[in-house]
Amino acid sequence: MKYYYVCIECGSSYDISRDLMVCPRCSQKQEACEPLRGVLEVGIEGEFDKDFDIFDLLPVEKEYFPPIPVGGTPLWAPFNLRKKTGFSNLYIKDDSLNPTGSLKDRASFLVAAFAVREKIKDVVVASTGNAASSMAGIGAAAGLNIRIFIPAAAPRAKRVQSLQYGAEVVAVDGNYDRAYDLSMEYTKIHGGLSRNTAYNPLTIEGKKTAALEIFKQLSGAPDFMFIPTGDGVILGGVYKGFKDLMSAGLIDRIPTIYAVQARGSSAISRALEEGSFNKSYHSKTVADSIAVDIPRNGYFAIKYIKKYSGRCVEVEDMEIIRAQKELASTTGLFAEPAASASLAGFLKVKDEIPQDSKVVLLVTGSGLKDIETAIKGVI
Ligand SMILES: *Cc1c(COP(=O)(O)O)cnc(C)c1O
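Keep in mind it's a predicted model, so treat the numbers as computed, not measured.

Quick look at the sheet that holds strand β4 (residues 75–76) now. If you trace the six strands from one edge of the open sheet to the other, you get β4-β5-β13-β10-β11-β12, paired in mixed fashion. The sheet is open, and its two borders are formed by β4 and β12 (311–315), each paired with just one other strand. Sheet analysis places strand β11 (residues 256–262) next to β12, joined by five bridges and oriented parallel. Bridge pairing links A259 to C312 in β12. Against the sheet, helix α9 (residues 267–274) makes contact with β11 and β12, and its axis sits at roughly 130 degrees relative to β12, the strand it touches most. Across the sheet, helix α12 (residues 337–349) touches β5 (90–94), β10 (224–228), β11, β12 and β13 (359–363), and the angle it forms with β10 is around 135 degrees.

A separate point is the environment of M225. Following the sequence through the fold, M225 ends up in strand β10. With relative accessibility at 0%, the residue M225 sits in the buried group. Not counting residues up to four positions away in its chain, the partners in contact with M225 are I214, V238, F242, T256, I257, Y258, V360 and L362.

Bringing the state of the cysteines into the picture now. If you walk through the whole model with that rule in mind, you get zero disulfides. Unpaired in this structure, C33 has its nearest cysteine sulfur neighbour in C26, at a distance of 20 Å.

Here the focus is the nonpolar core. Ranked by size, the top nonpolar core spans 90 residues in total, and within it M225 and V238 carry the most contacts. With near-sequence residues (within four places) excluded, V238 lies in contact with K207, K208, A210, A211, M225, I227, I257 and L362. Among the nonpolar cores identified, the runner-up in size contains 29 residues, and V260, L327, A344 and L361 belong to it.

Further remarks concern the environment of L361. Structurally, L361 can be placed in strand β13. Residues L361 and I68, spaced 293 residues apart in sequence, show a C-alpha to C-alpha distance of 25 Å. Excluding its chain neighbours within four sequence positions, the residues that come into contact with L361 are L90, Y91, I92, K93, F226, S342, L343 and F346.

A word on the site of the ligand. The ligand sits among 15 residues. The nearest are K104, N130, G230, G232 and T364. One of the backbone N or O atoms of G232 is found 2.8 Å from an oxygen atom in the ligand. V233 has a polar backbone atom sitting 2.9 Å from an oxygen atom of the ligand. Relative to its unbound accessible area of 380 Å², the ligand is 97% covered by the protein chains.

Before going further, it helps to examine the packing of helix α11 (residues 317–331) against α12. Interaxial distance between α11 and α12 falls to 8 Å at its minimum, and their mutual angle equals 95 degrees. As the angle between them shows, α11 and α12 are arranged roughly perpendicular. Residues E319, I320, A323, Q324, E326 and L327 of α11 lie in contact with α12, whose contacting residues are P337, S340, A341, L343, A344, L347 and K348. A class-by-class count of the residues in the contact of α11 with α12 yields eight nonpolar, two polar and three charged.

Quick look at helix α4 (residues 156–164) now. Those residues of α4 that fall on the buried side of the exposure criterion are K158, Q161 and S162. Projected down its long axis, α4 shows its buried positions confined to an angular sector of 100 degrees, all on one face. Facing away from the buried side of α4, by more than 90 degrees, are the exposed residues R156, L163 and Q164. Close packing links the buried residues of α4 with α3 (130–142), β7 (145–151) and β8 (168–172). Among the residues trailing α4, G166 stands out with phi positive, at a value near 90 degrees.

The tally for this structure, following the rule as stated, stands at 24 salt bridges. Residue E61 is joined to R117 by a salt bridge in which the shortest nitrogen-to-oxygen separation is 3.0 Å. Placement of the pair is E61 in the loop between β3 (40–45) and β4 and R117 in helix α2 (residues 105–117), with a sequence separation of 56 residues. Across the salt bridge formed by E118 and R117, the nearest N and O atoms sit 3.1 Å from each other. Note on R117: relative accessible area 21%, which makes it partly exposed. Through salt bridges with shared partners, one network takes in K93, D95, R106 and E213.

A cluster of nonpolar side chains, contributed by F334, L368, I371, I375, V378 and I379, occupies part of the molecular surface with about 600 Å² of accessible area. Since its relative accessible area comes to 33%, F334 is described here as partly exposed.

Read across the open sheet, the three strands follow the order β2-β1-β3; overall the sheet is antiparallel. Only two strands of the sheet have a single partner each, and these edge strands are β2 (13–14) and β3. One ladder, built from two bridges, connects strand β1 (residues 2–7) with β2; its direction is antiparallel. Considered in β2, the bridge of V6 is made with S13.

Thresholds applied
Residues numbered from 1 in each chain as written. Predicted model: local features only at pLDDT ≥ 70, side-chain atom pairs only at ≥ 80, totals over all residues. Heavy atoms only, no water. Pairing = 2+ DSSP bridges. Helix = DSSP H or I, 4+ residues; strand = E, 2+ residues; numbered from the N terminus. Contact = heavy atoms within 4.5 Å. Axes fitted to C-alpha atoms, helices over the stretch in contact; angles between N-to-C directions. Buried < 20%, exposed > 50% of the residue type's maximum accessible area, 1.4 Å probe, protein only. Disulfide = S-S within 2.5 Å. Core = buried A, V, L, I, M, F, W, Y, C linked by side-chain atoms within 4.5 Å. Near = heavy atom within 4 Å. Polar contact = N/O pair within 3.5 Å; in protein donor to acceptor, adjacent residues only side chain to side chain. Areas by Shrake-Rupley, 256 points an atom, 1.4 Å probe, with all protein chains shown as cover. Parallel < 35°, antiparallel > 145°, perpendicular 65-115°, else oblique. Nonpolar A, V, L, I, M, F, W, Y, C, P; charged D, E, K, R; others polar. Arc of directions from axis to C-beta. Salt bridge = Lys/Arg side-chain N within 4 Å of Asp/Glu carboxyl O. Patch = residues over 30% accessible without salt bridge, like charges linked within 9 Å, V, L, I, M, F, W, Y side chains within 5 Å.

Rendered as structure tokens:
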């Protein structure tokens, strides 16, 4: 297999290199307060059949991945929810079972492997919490030095988790966007590899493994998928995985994906409706992992939603809190609020979907990561 980068805006291709994060040409058009310009997608050349090894479809050789079991999460049938909703082919893909408790490990895993291969010791990331604790944990397994920039208001469990893994934690007085800017300044001055979501193209590519696994687990693609969406990197990554499968002739159709956003943090959904991103948008939601003002992967997400007839669904905070309790009490899966948005979104639009469809709810993070919000659903 041969791997390279392709700019999602101008289509130029580049060799994969530690010094290249965004398209040198298109990134010059970057304005403040808009999604990243010149985001790079990993291109693949080469053939593979349905028995592929997932590692063979990643742009870093298997031997460089750290010794920690990322991915390979279960896809299972929530029988009580099936009965309650009438959807007899409803599935849960439980990515809260990754080593650090969130889907973010898929991205950190690939970034860590790349750092090891390139002999880079220092990795820097800004995050609302999960990307930070994930990079800290996977980085610990890989023997890397991790520095994270995290809003001081991020859930305590995510901060403590990062400290336990031995990361340098910089608590930022401000939101995620401020943490992002500070982390970018830091790498500009001190070097190191940035794991900032969407900015490092491997963060998108790493998350495609969720789609590849679902394909293997269902022996095909589902009809519908629900994905909690903030920056749009999970959404973009899952689309990329299905796209690789389609290019290889293993599926003939991309699933209809619903990007589920909190009503108070719905930049991608609004941009799809309004035709452009609102530069002065301010997000507010209890689901901290999908709270973003500027969705970094917004252009990539919109491009694929349009190309593959995806949809957006906005859910209220109360619907998220109720879905969290419903998921936990009917299936035994305790997910964090952002991760419960998948179920909230599905419940909201299920009448638009044929009941015999194969539907996958992607559950992205563990409920133990944010107990303070979870309390709201049980009092
Ligand atoms: C990061 C995250 C999301 C959203 O992913 P984006 O790539 O920002 O859209 C959803 N759920 C959880 C638990 C996350 O950590």
